[in-house]
Amino acid sequence: MRFGGGTEAEKRRRQEILTAMVHAWGWPRQRIRDLDERRHWTVVKALQEQKVIGHELTRSYRTVRQFAAEHSEIGGPAGEEIKLLGRRLSAALELKPGKVERLSLDSGDCIEPKDFSVHEVRLADGEMGWILYSGRVASADAGKAPYLKKARSLVELLAWLSFNGLYDRSANLFLETVESALTLLELKNNLRALNRFLASHQSEPEHLDDYGRAPRVIAAALFVNLGIDVDAERRDGIRLASDRHDALSYGYERTNLIHQVDAVILTSWRETLVKRYQGLVGFLDCLADLINESLSNESHVECFCFVAGRARTIALRVQELYRDLRAAFSSPDRSLRYILRGGSEFYLFDNQGTSVRFWGVPDVDRLYSELSAPRSMFSPVIFDRAALENDPLPLIYAHNRPGVIQIFCQPESGQVKVYILDERGSLFYRSHEAVGPQLLLGPYASFLGDILQRYVLAAGGIEYYVVEHQASGGYSVKSAGFQPNPDSRMLEIRVFAQETAPGRVAYTIFCNDSEFSSMDAGQDVFSMAAAHIMRLRQSGERYPIYITDIDLPLSILGVDTPEELQTVHFLKFKEKVEERLNA
């Protein structure tokens, strides 16, 4: 019998104890010889022995649980240690889908043979799966040959081989596929990557105290598109090539190249788990899971991809995106938002409470609508580097500061675009007919100045900027050099509103000293006020009417308390009123 390392005295003591035990158990000499020959076990023999060991350890675990239940009065360190030992045994012994089983092997054990066959098969439920065989097994013999493992995820089988030290470079692998595009080279590359990843974390120390907390992710390896040809669905058979090389939105067609992610997860409870994420949304779920884990403890994440064509592009993009998301949501600002593009859609990550979640936004218009939503506090926005092309919004948000209203004018041919970020980072966007920035900023300055005077908001001032398109591409932002002049107002247009019944609003509009009321004009109050304004214009030109002030109850703005109020509420109401005046 072998007794491991240590001094000769320790080995003799172990031999005496173990000899007494096996005699007490009544073990025959042949069984002892079989154990001594474990250095040359077959995989099948090791699995059979694993079942026996697992059964005995499970029985021991149940005994510990029963003892703890019967002696619940045991408290203090002893009672806590019993509970932690029970969790440790459970984590080691519990079998469940996606969990990689650890074989009970000594460091000196040599498992034979080193050859394995990997077959893709259709499972009984109609889904595709994988079977691992010992030695070389042809497709024709697969139905008769005993298999070692069966799983839906190939990565789960490979992790079992690697985790238990059954695969090394000298091994021969044989591959049989049905639908998968997996090649033998890709299979070997993934196995070698798994070996390196698992080996780099085997030396991490284990502490019983780890089982006093919920299991947490120590490290994760993401295997992307294993056995998937990302161009297989193209009818023309042409592989994509483009200057737009973002793996989440590749080429002119904005194709998502990330079809599947198999995550190998190492936990603080010494579990090795494999979880599959399908499609783009599944991949983003995977990122959100890892980000939420990393907010409470730092975990190591690696990405591997070995598909033909753009493997490096995909792997680097996944690694880069995880790093950027983690850096963003690890910042002290817990109300941050992060926007990225996937396919032709956008995805908005938001830190809600104690966790990060995300949702899809179908197009740019809906994205602007999402960003215009009121917020309970200042919420900065970070745009992924590939999220928006030919749009100044990422640059505008890069200038965003809390407690300040910022107005950005972007003159373009035939129009002027106005972007306003309020004191909490909510966006207001509107396009106007082409006029000089100074003429356009004046009405906004008058309106916002009166709002800040009338209502108590968190805004401490107003800043004015001009956005310019650069000839070389991209945008620049500079100060508009604008100073509001209250004496320049030619016409005061003030709108008062009151709710007369649920869902019914009465308006009073003052144009300087002239009054127009719903009591007199009913639904025509806006058209009558607009006609009066046109008569006051000496030039007779019909250019847009802008109001200078509003006064209305909170209920019309859709808020319950003054603390909820922010500038974007008034800007949206201003836009609705002006649309009716200019109809």
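Analysis parameters
- Residues numbered from 1 in each chain as written.
- Predicted model: local features only at pLDDT ≥ 70, side-chain atom pairs only at ≥ 80, totals over all residues.
- Heavy atoms only, no water.
- Helix = DSSP H or I, 4+ residues; strand = E, 2+ residues; numbered from the N terminus.
- Rg over C-alpha atoms; globule rule 2.2 N^0.38 Å.
- Buried < 20%, exposed > 50% of the residue type's maximum accessible area, 1.4 Å probe, protein only.
- Contact = heavy atoms within 4.5 Å.
- Areas by Shrake-Rupley, 256 points an atom, 1.4 Å probe, with all protein chains shown as cover.
- Lys, Arg positive; Asp, Glu negative; His and termini not counted.
- Charge placed at Lys NZ, Arg CZ, Asp CG, Glu CD.
- Arc of directions from axis to C-beta.
- Core = buried A, V, L, I, M, F, W, Y, C linked by side-chain atoms within 4.5 Å.
- Axes fitted to C-alpha atoms, helices over the stretch in contact; angles between N-to-C directions.
- Parallel < 35°, antiparallel > 145°, perpendicular 65-115°, else oblique.
- Nonpolar A, V, L, I, M, F, W, Y, C, P; charged D, E, K, R; others polar.
- Pairing = 2+ DSSP bridges.
- Phe/Tyr/Trp six-rings, centres within 6.5 Å; stacked < 30°, edge-to-face > 60°.
- Lys NZ or Arg CZ within 6 Å of the ring centre and 35° of its normal.
- Left-handed = near helix turned anticlockwise from the far one by under 90°.

1. Here's the deal with the overall build of the chain
No. 1: In terms of helices and strands, the chain carries 15 helices and 23 strands.
No. 2: Taken over the C-alpha trace, the chain has a radius of gyration of 34 Å; the compact-globule value for 583 residues is 25 Å, which it surpasses by more than 25%.
No. 3: Across its three principal axes, the chain shows a C-alpha extent of roughly 115 × 70 × 45 Å.
No. 4: Taking all 583 residues of the chain together, 45% fall into the buried category.
No. 5: Partitioning the intrachain contacts of the chain with sequence separation of at least 6 by distance along the chain shows that 59% fall at a separation of at least 24.
No. 6: Taken as a whole, the chain presents about 30,200 Å² of accessible surface, with 50% of it coming from carbon and sulfur.
No. 7: Considering the chain, the positive charge centre built from 70 side chains and the negative charge centre built from 79 side chains are found 6 Å apart.

2. Re helix 9 (residues 364–371)
No. 1: Considered for burial, the residues of helix 9 that qualify are Leu-367, Tyr-368 and Leu-371. For helix 9, the angular spread of the buried residues around the axis is 100°, confining them to a single face.

3. Structural notes on the nonpolar core
No. 1: Grouped together as the largest cluster of nonpolar side chains are 49 residues, with contacts concentrated most on Ile-509, Ile-550 and Phe-570.
No. 2: Ranked by residues supplied to this core, first place goes to helix 11 (residues 437–454) with seven residues.
No. 3: Once residues within four sequence positions are removed from consideration, Ile-509 is found in contact with Ile-493, Arg-494, Val-495, Ser-514, Glu-515, Phe-516, Val-525, Phe-526, Ala-529 and Leu-581.
No. 4: In terms of nonpolar packing, the next biggest core, distinct from the first, is built from 42 residues, Leu-248, Ile-314, Leu-340 and Tyr-347 among them.

4. Let's talk about the packing of helix 13 (residues 525–536) against helix 15 (residues 567–581)
No. 1: Look at helix 13 against helix 15: their axes get within 8 Å of each other, and the N-to-C directions meet at 70°. Put simply, helix 13 runs roughly perpendicular to helix 15. In this structure, helix 13 uses Phe-526, Ala-529 and Ala-530 to contact helix 15, whose residues at the interface are Val-577, Arg-580 and Leu-581.
No. 2: Residues of the contact of helix 13 with helix 15, tallied by class, amount to five nonpolar, no polar and one charged.

5. Overview of the environment of Val-64
No. 1: Locating Val-64 in the fold gives a position in helix 3 (residues 43–70).
No. 2: As for Val-64 and Leu-85, which are separated by 21 residues in sequence, their C-alpha atoms are 8.4 Å apart.

6. Overview of the sheet that holds strand 19 (residues 475–479)
No. 1: Read from one edge to the other, the open sheet built from five strands follows the order 17-16-15-18-19, with strand pairing classed as mixed. In this open sheet, the two strands that pair with only one neighbour each are strand 17 (427–433) and strand 19. On average, each strand axis in the sheet is inclined to that of its neighbour by 25°, with strand direction left out of account.
No. 2: Relative to strand 16 (residues 415–421), strand 15 (residues 405–412) runs antiparallel, the two being bridged by seven bridges. Its bridge partner being in strand 16, Cys-409 is matched across the sheet by Val-418.

7. A word on the packing of aromatic side chains
No. 1: For the structure on display, the rule yields 14 aromatic pairs.
No. 2: Relative to Trp-27, the ring of Trp-25 lies with its centre 5.2 Å away and its plane at 45°, an arrangement referred to as tilted.
No. 3: Take Trp-25: its relative accessible area is 48%, and that puts it in the partly exposed class.
No. 4: Aromatic ring contacts, followed pair by pair, group Tyr-347, Phe-349 and Phe-358 into a single cluster.
No. 5: Positioned above the aromatic ring of Tyr-444 is the side chain of Lys-574, whose terminal nitrogen or guanidinium carbon lies 4.6 Å from the ring centre.
No. 6: Sitting over the ring of Phe-447, Lys-574 keeps its end group 5.4 Å from the ring centre.

8. Quick word on the sheet that holds strand 5 (residues 149–151)
No. 1: In space, the four strands of this open sheet follow the order 5-4-3-6, with mixed pairing throughout. The sheet is open, and its two edges are formed by strand 5 and strand 6 (173–176), each paired on a single side. If you compare each strand with its neighbour and ignore which way they point, the axes differ by 15° on average.
No. 2: Each of strand 3 (116–122), strand 4 (128–134) and strand 5 is contacted by helix 5 (residues 154–163), which is oriented at about 25° to strand 4, the strand it contacts most.
No. 3: Sheet strands touched by helix 6 (residues 184–199): strand 3 and strand 6. Its angle to strand 6, the strand with the most contacts, is close to 125°.

9. Topic: the environment of Ala-181
No. 1: Position of Ala-181 among the secondary structure elements: in the loop between strand 6 and helix 6.
No. 2: Considering only alpha carbons, one finds Ala-181 and Ile-228, 47 residues apart in sequence, at a separation of 5.5 Å.
No. 3: Those residues within four positions of Ala-181 in sequence are excluded, and the remaining contacts are Glu-186, Gly-227, Ile-228 and Asp-229.

10. Some thoughts on the packing of helix 7 (residues 279–296) against helix 8 (residues 311–329)
No. 1: Where helix 7 meets helix 8, the closest approach of the two axes is 10 Å, and the angle between their N-to-C directions is 45°. By the angle between their directions, the pair helix 7 and helix 8 is classed as oblique. The interaxial crossing formed by helix 7 with helix 8 has right-handed handedness. In this structure, helix 7 uses Phe-283, Leu-287, Leu-290, Ile-291, Ser-294 and Leu-295 to contact helix 8, whose residues at the interface are Val-318, Leu-321, Tyr-322, Leu-325, Arg-326 and Phe-329.

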